[in-house]
Amino acid sequence: MGARVAIGTVKGGFLLRLHGKGNTTLEGPFFKGWKVTSFAQDHKGTYLVGTASDVYGTALQRSQDLRKFKQVEQGPAYPQDGKRKLNQIWRILATRDALWAGVDEAGLFRSLDGGMSWHPVEGLNEHETRSAWQPGAGGLCAHAILAHPTDPNRLYCGISAVGTFRSDDGGATWEPKNDGVPVILEDAEHKGIGYCVHALVLDPDEPDTIYRQDHRGMYKSTDAADTWVPIENGLRERSFGFPIAVDPKTRALFCVPLESDEYRMPSEGKLRVFRSTDRGDSWHPLTRGLPQDNAYGGVLRSALTTDDGSGVYLGTTSGTFHYSTDAGESWNKLDAIFPRILTVQAFGEE
Amino acid sequence: MVPRVDIRLPSVMEPVVGGELRFHVEAATLRDALDAAISRHPALEVHLFDETGSFRRHVLCFHNETNSRWLDGLDGKVEDGDTVTILQAVTGG
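Here goes a summary of the coordinates provided.

Criteria and thresholds
Residues numbered from 1 in each chain as written. Chains lettered and ligands numbered in written order. Predicted model: local features only at pLDDT ≥ 70, side-chain atom pairs only at ≥ 80, totals over all residues. Helix = DSSP H or I, 4+ residues; strand = E, 2+ residues; numbered from the N terminus. Buried ≥ 20, exposed ≤ 12 C-beta atoms within 10 Å, placed from the backbone. Pairing = 2+ DSSP bridges. Core = buried A, V, L, I, M, F, W, Y, C linked by C-beta atoms within 7 Å. Contact = placed C-beta atoms within 7 Å. Axes fitted to C-alpha atoms, helices over the stretch in contact; angles between N-to-C directions.

Residues and elements named next belong to chain A. Asp-104 connects to Glu-105 through a cis peptide bond whose omega is 5°. In this structure, Glu-105 sits in the loop between strand S9 (99-104) and strand S10 (107-111). The amide bond that connects Ser-160 to the next residue, Ala-161, takes the cis arrangement and shows omega of -10°. With respect to the element layout, Ala-161 can be found in the loop between strand S13 (155-160) and strand S14 (163-167). One non-glycine residue, Arg-251, lies in the positive phi region at around 70°. Along the chain, Arg-251 falls in the loop between strand S20 (240-246) and strand S21 (253-258).

What follows covers the pairing of S14 of chain A. Residues and elements named next belong to chain A. Of all 5 residues in S14, 5 are buried, a share of seventy percent or more. Direction of pairing for S13 relative to S14: antiparallel, over a ladder of 5 bridges. Each residue of the ladder has a partner; that of Leu-155, found in S14, is Ser-167. Between S13 and S14, which pair antiparallel one after the other, the connecting turn spans 2 residues. Across 2 bridges, the pairing between S14 and strand S15 (residues 175-176) is antiparallel. Across the sheet, Arg-166 pairs through a bridge with Glu-175, a residue of S15.

Formed by 119 residues in total, the largest nonpolar core has its most connected members in Ile-7, Ala-101 and Cys-157 of chain A together with Ala-33 of chain B. Ranked by the residues each element gives to this core, the list is headed by strand S12 (residues 141-147) of chain A, at 6 residues. Residues within four places of Cys-157 of chain A in sequence aside, it is in contact with Gly-102, Leu-108, Leu-124, Ala-142, Ala-144, Ile-145 and Phe-165 of chain A.

All names here are of chain A. Strand order in the open sheet formed by 4 strands is S3-S2-S1-S28, with antiparallel pairing between adjacent strands. Strands with a single pairing partner mark the edges of an open sheet, and in this sheet they are strand S3 (23-30) and strand S28 (341-347). Recorded for the sheet is a direction-independent mean angle of 20° between the axes of neighbouring strands. Strand direction decides the pairing type here: strand S1 (residues 3-9) and strand S2 (residues 12-20), joined by 7 bridges, are antiparallel. Bridged to Thr-9 within S2 is Gly-12.

If you want it as structure tokens, here you go:
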């Protein structure tokens with residue numbers, strides 16, 4: 001096998017290469033001292049990287065090789081009226097016709113010129129419920145963006161702690177879609193929001209099926225987010241967590257439950273990835289090769305990912321990195337200690 | 001003759017300015033010097049100033065030995081050989 005995995009931490013980015021037979025090489029840090037918060041690659045092969053600093057603010061970078069970077073001068077930005085601040089670029093998604101960026105303070109931006117200039121998606125950013133949007137513990141952030149694989153008009157955006165929104169007109173208008181999920185911050189006026197979605201993934205075969213790791217548990221929708229039902233068989237009390245990922249090859253789902261929203265670390269000091277091979281009907285723990293003693297680092301919402309070669313990759317808040325090359329059956333720990341890992345993104349071979 | 005001012009940036013800015021952490025600009029005022037630095041490296045602007053147009057909270061700008069926050073704005077004159085230094089405020093433990 002061969003795979004490249006980009007790792008974003010609070011103190012820089014790294015590029016891991018897996019050459020097979022356990023051989024790995026690691027490049028970096030790039031953007032040393034900066035948070036590296038998101039990675040994506042567009043259809044022309046250009047990488048987009050979100051960077052941030054508590055001191056120096058947030059910017060979007062473009063790169064052809066993840067070695068040399070050029071900052072996008074007209075990147076996602078709020079007007080200079082001081083009303084909103086751009087704190088972090090959480091998610092970048094490339095669709096056929098556009099690039100999308102979800103940010104904190106919550107908002108969605110779109111580029112129609114390959115990422116050179118970005119414009120706010122007003123239909124979401126100025127949504128009629130906006131005044132009632134409240135942050136979660138991780139901030140008020142638009143962290144999930146999904147695009148229907150064949151219908152360019154259908155998009156989803158997940159915002160904490162507001163909920164999941166759907167657009168059926170290419171992003172012009174958006175509607176909250178959270179029926180079936182318990183509300184967490186109920187608003188007196190706007191009943192459709194106040195939901196703490198943590199992560200979203202689309203089913204690779206059924207584009208109206210979406211899986212949702214929520215603050216209140218694991219959920220599935222088979223009707224394009226109109227309604228949600230819990231899918232927690234096997235997760236039991238461990239349904240709180242942040243990331244969810246799907247293996248595009250085996251269709252397996254992966255999540256990393258934590259011990260409740262109160263504690264937010266693996267239960268019993270055991271780092272367990274849970275896998276579902278039946279589209280969420282049941283979940284089973286994967287432990288082979290993962291630390292089962294004294295492991296208290298959690299996995300953030302963007303720090304679990306898959307590739308198309310049965311690779312599964314995760315980074316922890318403790319800076320350890322674990323990977324599987326067999327769809328989660330067994331795991332290896334990279335011989336490295338990173339800063340707190342914020343995001344992990346797998347890319348194909350060069 | 002327009003004064004020549006030395007701009008100094010913190011090392012963490014290296015990827016933002018392609019490694020050029022020290023350079024000279026020609027400017028008559030502190031504001032002109034900052035504008036000239038941004039003109040040379042447009043990517044700098046978003047890192048120095050926030051959505052109100054003010055310096056970011058933890059960004060310090062020194063004109064020679066004087067913190068710009070103690071100056072009466074940025075319109076004071078600069079002289080040939082002056083230094084404008086960007087620093088990160090030391091906050092937290």
